[in-house]
Amino acid sequence: MDKKYMPEPYKVKMVEPLRILPKEERIEAIERAGYNTFLLNSRDVYIDLLTDSGTNAMSDRQWAGLMMGDEAYAGSENFYHLQKTVQDIMGFKHVVPTHQGRGAENLLSQILVRPNTYIPGNMYFTTTRAHQEMNGGTFVDVIIDEAHISDKEDVHFKGNIDIKKYEDLINKVGAENIPYICVGVTVNLAGGQPVSMQNLREVHALSKKHGIRVMFDCTRYVENAYFIKVREEGYADKSIAEIVKEMFSYADGATMSGKKDGIVNIGGFLAMNEDDLYFKASALVVVYEGMPSYGGMTGRDMEAFAIGLKEALDFNYIKHRVEQVEYLGNKLIEAGVPIVRPIGGHAVFLDARAFLPHIPQSEYPAQVLAAEIFIQSGVRTMERGNISAGRDKEGNEYFPKLELVRLTIPRRVYSYAHLDYVAEAIIATYKRRDEIKGLKFTYEPPVLRFFTGRFEHI
Ligand SMILES: *Cc1c(COP(=O)(O)O)cnc(C)c1O
């Protein structure tokens, strides 16, 4: 039977009760949190759409895998399982485990990034760029222009690299000053937008011509493969596993956060084909994460991760995941709420500038919108705009074109009924948008300020 939205391809075996605070207590809670949803206590949140990072529900197989943890300090059986799984799925020769994605970014950036080097990428990611900059490099955005426009419904691969921008950068700074190009599949901050296979092929060809490494940020690669299957000509009959294999054939290595498409709560890795890079990474991982056979994970974490990587390739799993996101997005579109289009793979992004046109970007409309949604409903969301973008080397704010609030859907956690509640909460907030006022910092941390910054109303 064909349904517009696929029912959950799983049934519930264990539950975690939810509670919702009365409105007065929600107001107190967000004030205590300095209007930063990152600083709310989880126990005060009803539906938590802050992130899909590490908030996944594991399967019975994964929980069973936890019992199979081989907690040896070196040479854990579970590491070999994880290593072989990554090698089989992605085709990389070497795997260096890390505690999560940024651990892999740290290793890669420390090894390859130097002052006066340039790292092109399809839109920045917060931690990725922070590591590049801390090692003296300069991130250069080479994503297609359409990615910076919130409503571009007809662009199916908004995460694509603009080949001309990439080539111009090579001509300007010289290939020898570009240690690698970082290709996010999908692009989180563009709204979970995918990169086409054709584009990956072209990026690879141009990079090889100039001797530049292609490193994927493959944190969300299964979502990307799903979009290739349903949107790109020639892939409808290919399995997710086949598409993934081809995607990675255009990469020399990758950083991965298992907390996303690994369907686990912690974990990550750096993978590569190059022996020299592997030797350097396995020397450095000991300093920051742990032995090259655990990298900050327990044996049981690695086991659950290996199983999760395999489960994520199931077509019904990924179809349902992406359709949940579409379901929420389409409800908001029908109600006239401005969101990023097309709807991406892991989240619905509200366009805070269109939502709150009376609040200038210097007064953080996305931040205040996230706070107001919490007051309205107990639903926790997050800012992805001027605050997340931070400041440049001169201390000026970036004022990114996209000023967004992210409603991120954890994997296998919430039902369509929860999403109905979320949609109603957003629509109610939209109806009273004229009452909402801007914010200013009362405490601004020097890096990654969105995590711990505090605010008050102007
Ligand atoms: C989450 C994420 C990271 C960082 O991974 P962590 O596990 O949070 O350290 C990097 N890139 C993308 C695209 C992500 O979504």
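For clarity, every value in this text was computed on a predicted model and none was experimentally measured.

## Topic: the site of the ligand
Now for step 1: Around the ligand there are 13 residues in total, and Gly101, Arg102, Asp217, Ser257 and Lys260 lie nearest to it.
Now for step 2: Within the backbone of glycine 101, one N or O atom sits 2.9 Å away from an oxygen atom of the ligand.
Now for step 3: Arginine 102 places a side-chain nitrogen or oxygen 2.7 Å from an oxygen atom of the ligand.
Now for step 4: The biggest single contributor to the shell around the ligand is helix α4 (residues 101–112), with 3 residues.
Now for step 5: Of the residues that constitute the shell around the ligand, the class distribution is 1 nonpolar, 6 polar and 6 charged.

## Brief notes about the environment of lysine 13
Now for step 1: Structurally, the position occupied by lysine 13 is in the segment before α1 (23–32).
Now for step 2: Along the backbone, lysine 13 and serine 59 are 46 residues apart, and their C-alpha atoms lie at a distance of 9.4 Å.
Now for step 3: Polar contacts involving the side chain of lysine 13 include one to the side chain of aspartate 60, which spans 3.2 Å.

## Notes on helix α5 (residues 126–134)
Now for step 1: Taken across its 9 residues, α5 has 7 buried, putting it largely inside the fold.
Now for step 2: Residues Thr126, Thr127, Thr128, Arg129, Ala130, His131 and Gln132 constitute the buried set of α5.
Now for step 3: Looking one or two residues past α5, glycine 136 carries a phi angle of roughly 90°, positive in sign.

## A few points about the domain arrangement of the protein chain
Now for step 1: Segmenting the protein chain into domains produces domain 1 (23–52 + 315–457) and domain 2 (60–311).
Now for step 2: Its C-alpha centre places domain 1 at a distance of 26 Å from the equivalent point of domain 2.
Now for step 3: Note on domain 1 versus domain 2: buried area summed over both sides is about 2900 Å², and carbon and sulfur give 56% of it.
Now for step 4: The largest share of the area that domain 1 buries against domain 2 comes from Arg341, Pro342 and Leu402, three residues that together contribute 21% of it.
Now for step 5: At the junction of domain 1 with domain 2, the criterion picks out 7 salt bridges.
Now for step 6: Where domain 1 packs against domain 2, one counts 18 residue pairs in polar contact (both at pLDDT 80 or more).
Now for step 7: Mapped onto the side of domain 1 that touches domain 2, the elements with two or more residues apiece are α12 (315–334), β9 (347–351), α15 (386–389), β12 (404–408) and α17 (449–452).
Now for step 8: Element by element, the count of residues in the side of domain 1 that touches domain 2 is highest for α12, at 7 residues.
Now for step 9: Looking at the side of domain 1 that touches domain 2 residue by residue, the class counts come to 17 nonpolar, 5 polar and 12 charged.

Criteria and cut-off values
Residues numbered from 1 in each chain as written. Predicted model: local features only at pLDDT ≥ 70, side-chain atom pairs only at ≥ 80, totals over all residues. Heavy atoms only, no water. Near = heavy atom within 4 Å. Polar contact = N/O pair within 3.5 Å; in protein donor to acceptor, adjacent residues only side chain to side chain. Helix = DSSP H or I, 4+ residues; strand = E, 2+ residues; numbered from the N terminus. Nonpolar A, V, L, I, M, F, W, Y, C, P; charged D, E, K, R; others polar. Buried < 20%, exposed > 50% of the residue type's maximum accessible area, 1.4 Å probe, protein only. Domains from an automatic or database assignment. Buried area = accessible area lost by both parts, 1.4 Å probe. Salt bridge = Lys/Arg side-chain N within 4 Å of Asp/Glu carboxyl O.

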